[in-house]
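If you want the building blocks of each chain, they are given just below.
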Amino acid sequence: MKIASLLVCLLCNLSLFSQKQAQARVDSLLERLRTADDGLAKLSLYVQVMTVYNDFDKQAALSFEKDAMALATKIESKAGIADVKNVVGRIYWRLGNFNEALKYHHEAKQIFEQLNDAKKIAISVRYIGQDYADGGYYPEALKHLNDALDKYKKTGDRGNAALLYNLLAWVYAKQGNYVEASRNGYLSLSIFEELGDEKNSALAASDIADYYIQLGNYSEALKYFRQSETINRSEGDILNLGYNHIMVGRVYRLMGQYSKSLKNHKAALSIGRDAHDLNIAAKAYEGMAEVYKASSEYSKALTHYMSSAQLFKKSSNRRDLARSYCFVGDCYRIVGKYWLSKIYYDSAFTLSKALDSKALLADYYHGVEELDSARNNWMGAYFNHKNYILNRDSLLNEGSVKKMMQLKLNYEFNKKEAALRAEQHEKDIRQRNQSLFLGIIASLILILAIVLYRNKNKQGKINTELKHKSESLEEENREKMSILNIISHDLKAPFNKIKGLVDLMQITEDQSETDREQYIDHIKASIAQGNYLINKLLEARNVYTETKPPVFESTDLPRFIHNFQAAMNGQLRVKQQQLKTDIKLESDQTFIDQQMVTRILDNLVSNASKFSDKGKPIYLRAWSSGQNLNFLVRDEGPGISETDQKNMFKKFQKLSAQPTDGESSTGLGLSIVKAIVEKLNGSITVTSKLGEGTEVVVSFQGYSEPLVDGVVSIENKS
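Each value, and the rule that gives it
Residues numbered from 1 in each chain as written. Predicted model: local features only at pLDDT ≥ 70, side-chain atom pairs only at ≥ 80, totals over all residues. Heavy atoms only, no water. Helix = DSSP H or I, 4+ residues; strand = E, 2+ residues; numbered from the N terminus. Buried < 20%, exposed > 50% of the residue type's maximum accessible area, 1.4 Å probe, protein only. Contact = heavy atoms within 4.5 Å. Areas by Shrake-Rupley, 256 points an atom, 1.4 Å probe, with all protein chains shown as cover. Salt bridge = Lys/Arg side-chain N within 4 Å of Asp/Glu carboxyl O. Expected span 1.5 Å × (residues − 1). Lys, Arg positive; Asp, Glu negative; His and termini not counted. Axes fitted to C-alpha atoms, helices over the stretch in contact; angles between N-to-C directions. Parallel < 35°, antiparallel > 145°, perpendicular 65-115°, else oblique. Left-handed = near helix turned anticlockwise from the far one by under 90°. Nonpolar A, V, L, I, M, F, W, Y, C, P; charged D, E, K, R; others polar. Polar contact = N/O pair within 3.5 Å; in protein donor to acceptor, adjacent residues only side chain to side chain. Pairing = 2+ DSSP bridges.

Comments concerning the overall build of the chain
Part 1 of the reasoning: For the chain, the count of helices and strands is 28 helices and 7 strands.
Part 2 of the reasoning: Within the chain, the proportion of its 718 residues that are buried is 44%.
Part 3 of the reasoning: Long-range contacts, defined as pairs at least 24 residues apart, comprise 63% of the intrachain contacts of the chain with a sequence gap of at least 6.
Part 4 of the reasoning: Carbon and sulfur atoms provide 52% of the accessible area of the chain, an area that totals close to 38100 Å².

Printed below as a string of C-alpha cells:
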C-alpha cells in the first residue's frame, strides 16, 4: 500500500509539468487578449482561453464566462453569444454536470437556428446528444446524435459524420446492443480510413475491438487493438497507446492469461507516469486490480483499487471515482466484509446523485443488489434490481426478466422459510415444556419418549417432503422460465417479421406483383416458423402429460421405414439433404406403436438435419437382435461435446452447437424422444465426438404376435 501511495504522489508531481505547458499557452492567449482591439478577435480569444483551461482548470475556465458574454452582448454578436454558451456547456459536461451542460447547449442551438447556421446547429445538436449519453439518457442521446448525423450528411461533412457514427456506436454499446454498436463502429472506421485520418482511425479500431470483447470474440478484439496500436505508434500518440495497453490487458484477463494482462497494464502505468496523465495511471491500477480479483488475490486487488481511486480523486474525475468506489465495495463483498462494502457503495451513491448520472446509479444499484443477495436480503435485492433496470433506461432484456423473477421467487421463498422457522420455534418450546413435565412425572417417561420419537420421525418426513417440494418448485420454475423465453424471444421474432412485412406492404407505393408475392412468401415462412414453435410446445405437453399406454399394431416394418424415408426426404430437400436407410430384420412383420416410433424417428432425423450442413446425408439404420428392435440415426454434423451430452435430454436444453441454416430450436426434441422411449420401456444411447458427427441408438422390444396379457391387446391387422 505504501509503494502504491508513493507512486500516486509521484504522478501528481509529474502532472504539474504538463499543466505548466498548458498554462504557458493560456498566458500567451491572455497577452494577445490584452492587446487586441477588434471585438470579434477578442471574443475568439476568450473562447480559446476557456477551451484550453477546460483541459486542466475548469473553474478558471468558467471565470471568463461573464466577461466573454458581456463582450459578445456589447458588440451585438449573436453567433459569439452562442459560441460562448457552447464552450461553457462543454466545461459543465467535463465537470459531469449534464443538466447545466444541456441548458447551455440548447440555448446555443436556438441562437444558431435563428441565424440559420447549419454547421453550428449540427455541432450544438451533437453536444446535446453527448450530454444525454453521458447522463445515461440513451433514447434521447440516440435521437439527437442521429439528428446531428443527418445534418452532417446534408452538408457533406464526412469527418464529423464518421465521428457521429462512433458516438452512436458508443451509445448502443452502453445499452448492450453490441451488434448495432459494431455496425456503426465499422462505418466510422471506413470513413476515417478513406479520409486518411490516422488518429481517429486508431480510436475507431479500438472501439470496435471493445465491442468484440463484449461479444466474446477475443481474437478479433486483439486484431483491431493491434491495428490501433500500430497507428498510435507511427503517429507518436503516447496517451492513446497507453489506453491500448489497458484494453489489451483486459482481453488477456478475460482469456485467463493473467501474466500477459499484468504486463500490458504495467506498460500502461509506465506511459501514464511518463506522460504525466493521472487518468491513464488510474485505469492501469484498476486493470491490475481486476486481474488480482479474477485470480482471487483480493488483498492485492483492494490495494490497487484504492490506488486507482486516489488518482481519480486527485484528477477531480468524479465519474470514474464513483465507479472505483463500486469496485472496492464489490471486492469487500466477495471477502465477506459487508459493512465495509456498504460504506463504499454509499460513497458511490453520493457521487452518482451529485453527478445526476443514471449510468452511475445503475452501477450502484447493481452492486448493492449483489450485496443484498450475499446477505440473503432477497427483498432488498429484488427492489435494487428494479432500480437498476429503471436507471438503465428501462433496458428490460430477457436476462433482466429472468433475474427479476428469480429474485422475487427467492424473496417469496425467504418469507415462507421464515414462517416455517417461527412455527418450528414454537414447536421446540412446546417440546421443552413437555420434557420438563416428563421429568416431574417419571411414570410417563417411556410413553413421552415414544411420542418424541414419533414427532422426530414426523419432522424428518416433513423436512424430506419440503425438500422434494422445493426441488420440484425449482424445476417447475426453470421450465416456466424456458417457456417464457421461447414466447418472449423465439415466438416474438416471427410475429415481428410479419408485422414489419405487412407495414412495408402498406407503405410501399407502385408495388409490383413480384414484390407482393415475395412479401407473401416471407410472411408464410414466418407463420410456419411460429407454428413450428407452437406445435413443438404442444407436442411436448402431450408427451409429458399423456397417460394412455402404447397401442401396438401389426406393421410391415420395411414398408413403414420406406414410407417414413419418402416423407422425410421431402422435408430434407430444402437443405439438399437425403435420408439413407439400411434395414436388416429377422422378420419383416412386427407389432409396434406406429405413432410413437414415427415421433421418435422424426425428432431424431429433424435434429440431425438441423445441425448438418447443406448436402450432407442423414443415415437411418434398423435391425433386430432377439426380441429387440433397434434404430440408429447418424449425421455428419459438428458432434456434441461431453458437457452437452450430460444435459441433452433435459427439457428446454439447447446445445452449444448452432443450427446450420438459422432453423428454430426449442431444446425440446431430444427430451420428447427420451420420454417416448421410456413409455416403450426402451433405452437410448448417444455416441459423439466433436467434429466427427453423432450417432443416436434407440432400442425397445418388438412383438411378433398380438399381446394378450400385456399392456394392450390388439387384433392382427393386415
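After presenting the structure, the write-up continues.
A word on the pattern of salt bridges
Pairs can form between side chains of opposite charge whenever their charged atoms are close.
Part 1 of the reasoning: Using the criterion set out here, one finds 23 salt bridges in the structure.
Part 2 of the reasoning: Between Lys300 and Glu297 there is a salt bridge; the shortest N-O distance is 3.4 Å.
Part 3 of the reasoning: The class for Lys300 is partly exposed, based on a relative accessible area of 41%.
Part 4 of the reasoning: What makes Glu297 partly exposed here is its relative accessible area of 32%.

Overview of helix H9 (residues 158-174)
Part 1 of the reasoning: For H9, which comprises 17 residues, the first-to-last C-alpha distance of 25 Å matches the rise-based estimate of 24 Å (1.5 Å per residue) to within 8%.
Part 2 of the reasoning: Residues of H9 that are buried include every one of Ala161, Ala162, Leu164, Tyr165, Asn166, Leu167, Leu168, Ala169, Val171, Tyr172 and Ala173, and no others.
Part 3 of the reasoning: Check the buried side of H9 and you find it contacts helix H7 (118-135), helix H8 (138-155), helix H10 (178-195) and helix H11 (198-215).
Part 4 of the reasoning: Looking one or two residues beyond H9, the residue adopting positive phi is Gly176, at roughly 85°.

A word on the side chain of Glu65
Part 1 of the reasoning: Here Glu65 lies in helix H4 (residues 65-74).
Part 2 of the reasoning: Summary of buried charges: Glu65 has no salt-bridge partner, and the nearest side chain of opposite charge, Lys85, is 6.4 Å away.
Part 3 of the reasoning: Beyond its immediate sequence surroundings of up to four residues, Glu65 is in contact with Met50, Val88 and Tyr104.

Focus: the packing of helix H14 (residues 258-274) against helix H15 (residues 278-294)
Part 1 of the reasoning: Their axes nearest at 8 Å, the elements H14 and H15 cross at an angle of 165°. Classified by the angle between their axes, H14 and H15 sit roughly antiparallel to one another. Crossing geometry of H14 relative to H15 is assigned as left-handed. Contact residues: H14 offers Tyr258, Ser261, Leu262, His265, Lys266, Ala268, Leu269 and Gly272, while H15 offers Ile280, Ala281, Ala284, Tyr285, Gly287, Met288, Val291, Tyr292 and Ala294.
Part 2 of the reasoning: Its residues assigned to classes, the contact of H14 with H15 shows 12 nonpolar, 4 polar and 1 charged.

Some remarks on the packing of helix H2 (residues 39-53) against H4
Part 1 of the reasoning: For the pair H2 and H4, interaxial distance at closest approach is 10 Å and the crossing angle is 155°. Classified by the angle their axes make, H2 and H4 are roughly antiparallel. Crossing geometry of H2 relative to H4 is assigned as left-handed. Every residue of H4 that contacts H2 at Gly39, Lys42, Leu43, Tyr46 and Met50 is listed here: Glu65, Asp67, Ala68, Leu71 and Ala72.
Part 2 of the reasoning: For the contact of H2 with H4, a count of residues per class yields 6 nonpolar, 1 polar and 3 charged.

Some remarks on the side chain of Asp320
Part 1 of the reasoning: Relative to the assigned elements, Asp320 resides in helix H17 (residues 318-334).
Part 2 of the reasoning: The exposure class of Asp320 is buried, given its relative accessible area of 15%.
Part 3 of the reasoning: A distance of 2.8 Å separates a polar atom in the side chain of Asp320 from a polar atom in the side chain of Asn317.
Part 4 of the reasoning: Those residues in contact with Asp320 that lie beyond four places of it in its chain are Lys283 and Phe312.

Points about the sheet that holds strand S6 (residues 683-688)
Part 1 of the reasoning: Within the open sheet, the 5 strands sit side by side as S2-S4-S5-S7-S6. Their pairing is mixed. What marks the edges here is a single partner per strand, and that holds for strand S2 (579-584) and S6. Within this sheet the neighbouring strands show an average axis-to-axis angle of 15°, counted without direction.
Part 2 of the reasoning: The sheet contacts of helix H25 (residues 557-572) involve S2, strand S4 (618-625) and strand S5 (628-635), and relative to S2 the element is tilted by about 170°.

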